[in-house]
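Below, each chain spelled out in residue letters.
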Amino acid sequence: MATRFVSHTKCLFLLLVAVAAGASLAGAQGMAGTPMTLVVDETQAPRQIAFVHEEIPVRPGALALAYPRWIPGEHGPTGPIENLAALRIHADTTTLPWTRDPDDIFTFHVDVPAGVNRITVDFDILLEGTLSAHQLLLAWNTVVLYPLGIDKRELMIQPSLLLPPDWKQGSSLQVTGKTENRLNFAPLSLERLIDSPVLASDYLRVVPLASSWPAVLDIAGDSQAAIDDADDANAFTLFGKLVDQDRAMFGFRHWQTLHFLISQTGINFDGLEHEDSPWEAVGDAGLSKKSELESYGWPLLAHEQSHSWDGKYRRPAELYSKADYQGPERTTLLWVYEGLNEYIGMLLATRAGFNDDAYMREYLARTSANLAHEPGRNSTPLVDTATENWVIRTVDSGWSSLRRSQDYYDEGALIWLEADVLIREQSHGRASLDDFLRSFLGQRDTGPIVAPYTREDVEAALSAVWPYDWHGFFQKRIYEVHSQAPTDGLEAAGWRLVYNATPNTARFDANYVPIEVFAAYSIGMDVNKDGSVNDVWPGTPAYDAGLGPHMTILAIDGQAYSAELLNDSIAHPANGKIALIVRNFDSVQTYEIHYGGGIRHPHLERIPGSHDYLTDILAPRSFSGH
Ligand SMILES: [Zn+2]
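Residues numbered from 1 in each chain as written. Predicted model: local features only at pLDDT ≥ 70, side-chain atom pairs only at ≥ 80, totals over all residues. Heavy atoms only, no water.

A. The arrangement of empty space enclosed by the protein in detail. One pass over the structure, following the stated rule, counts four cavities of 30 Å³ or more. Counted as a void, the largest cavity has a volume near 210 Å³. Lining the largest cavity are 23 residues, and of these Pro 72, Lys 312, Arg 315, Tyr 320 and Tyr 325 sit closest to its centre. Top contributing element to the lining of the largest cavity by residue count: helix H2 (residues 190-194), with three residues. Of the residues contributing to the lining of the largest cavity, the split by class is 10 nonpolar, four polar and nine charged. (1 Å grid on protein atoms, 1.4 Å probe; cavity = no way out; pocket = protein on both sides within 12 Å on 5 of 7 lines; lining within 4 Å. Points joined across faces, edges and corners; volume = space filled by probe spheres on them. Helix = DSSP H or I, 4+ residues; strand = E, 2+ residues; numbered from the N terminus. Nonpolar A, V, L, I, M, F, W, Y, C, P; charged D, E, K, R; others polar.)

Structure representation (structure tokens):
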């Protein structure tokens, strides 16, 4: 999935106790051969409730039904079990009592009476994945209870979907029948169903792309104009070029037709990968805006679809070790799954033309500066941010430089850049990371299957492309504390990080991050649009002055707060001081920041006389042969 940036709102995060559901496997009574039926009634989707009816073939005896807990792509035990309500289980007209497993609240136990070979299961889903009054994203993992004990690749399901009148659907599912507002889909395994979401809307447009591999945009909007205008900024051409660059990079594919499920609604920058149908939310009428295509190109539009290769077809074995969705799983290899994919997204989006090289350099400067200023690097190895990813994904950003953030994405990308330049440099241009991407992630044409890997497999595949101590390379940068700024790859690629007063232009998060004053690299804090302090970096002038996150700046040097005034004060502090009047909870206090370094925003600058590998890497490639 895409990196999630959090607002400054505090959220209570409940950690679910991780208890393996091994014992319940003994009570498994489902039958692999006969499909269970799953009917999801989404006719009330605009008011955020859905109704589910299942018919499950069973044998008499103890039966365990599970609600998916470890959700592919979400990298954690994030199944929304709290939304499942009003569970009713019947054998014909007889009600069967159920109990929730007190050691695993995602599992329900029921005794199937003698002579019964089929039960019905009904439940309601509260606050179902409605995106707007006009759009629904149906993630099947949120609407299924399934019998434990059958491998998810073998448990067959016959799904049906009821939609509001006049709504249409886009998905990679095969429609076998349609009556009024009910759609029947061809039976498929639980694994393929959960990897095949449905985007539904009363404004849905299906656009085949002019690409060398078959691909389709399924575009939803909140108005007719939103889907009519979707190509105003040439989005269709860019997506077609993106698929062509996929082909040039990977050479092989793991789907028949790629469906891009694109939501244009109030949700900005969200997405989830699927092997043949990534979902991506680009904001209201986002496809028709050049600025949105530029800012969402690499971290979302290219990123979610390249997960088809990096994350879906090839997946860490430790993230794919179970026959079901109940976990626990391990997430340490997200520096490959997400970190490498972040790098791939940067390459693909730039090669396809969503953004230019200058824009990508601005982003690389910004993220490098951010990582370089984290004091948490002195105590916490990068891998730890992957291992605990799901608890830091949605936390408040206060003091986050001490804990570190989801750095396996961007620092991972910078490390893969360093590996790419190393291969190019040592091979004198005969090899590059693209060769590894083709051999490790492309491999061969297949259907949507999973081919698991280990860290050793990654290092062996790299060594086959270019012999090097790859284990030591990743050990030092990812598994051990690595205090120095992760800029070696940029410098090897011919560019260095510099700071000046010109604002950095790569603000892809401008629509949903409330920060207005970026002063992390000068006084050491970021300030939101409402004057509240988003975060303060330890060891900086703002920290030494006593400031902290969530305080609100009321006045600067005797005048009411504004972002412009704060920037002016940083550029020209009076007598080397900035005097702030600040509210913290119910108290109001004066703080003095001592600072004289002026405005500092990060950029990249060419290293004179060096080879510009970065420009080589970002250049479009042509495909040939396969
Ligand atoms: Zn991702």
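Don't stop here, the text continues.
B. Molecular detail of the nonpolar core. One finds Phe 239, Phe 260, Trp 416 and Phe 436 to be the most contacted residues of the largest nonpolar core, which totals 102 residues. Here this core takes 11 residues from helix H12 (residues 407-426), the largest share from any one element. If you look at the next biggest cluster of nonpolar residues, it comprises 52 residues, including Val 52, Leu 65, Tyr 146 and Ile 157. (Core = buried A, V, L, I, M, F, W, Y, C linked by side-chain atoms within 4.5 Å. Buried < 20%, exposed > 50% of the residue type's maximum accessible area, 1.4 Å probe, protein only.)

C. The arrangement of the packing of H12 against helix H15 (residues 470-479) in detail. Running from N to C, H12 and H15 cross one another at 150°; their axes reach a closest spacing of 11 Å. Here H12 is positioned roughly antiparallel relative to H15, judged by the angle of their axes. Judged by the twist between their axes, the crossing of H12 over H15 is right-handed. On the side of H12, the interface is formed by Glu 411, Ile 415, Trp 416, Glu 418, Ala 419, Leu 422 and Ile 423, while H15 contributes Trp 470, Phe 473, Phe 474, Arg 477 and Ile 478. Here the contact of H12 with H15 is composed, by residue class, of nine nonpolar, no polar and three charged. (Axes fitted to C-alpha atoms, helices over the stretch in contact; angles between N-to-C directions. Parallel < 35°, antiparallel > 145°, perpendicular 65-115°, else oblique. Left-handed = near helix turned anticlockwise from the far one by under 90°. Contact = heavy atoms within 4.5 Å.)

D. The arrangement of the pairing of strand E17 (residues 198-201) in detail. Because side chains alternate across E17, one face comprises the buried residues Val 198 and Ala 200, and the other comprises Leu 199 and Ser 201, equally buried. Two strands pair when backbone bridges link them, and strand E10 (residues 135-138) and E17 are joined in this way by four bridges, in the antiparallel orientation. In the sheet register, Gln 135 faces E17, and the bridge partner there is Ser 201. Pairing of strand E13 (residues 168-170) with E17, which is carried by three bridges, proceeds in the antiparallel orientation. Its bridge partner lying in E17, Lys 168 is registered against Ser 201. (Pairing = 2+ DSSP bridges.)

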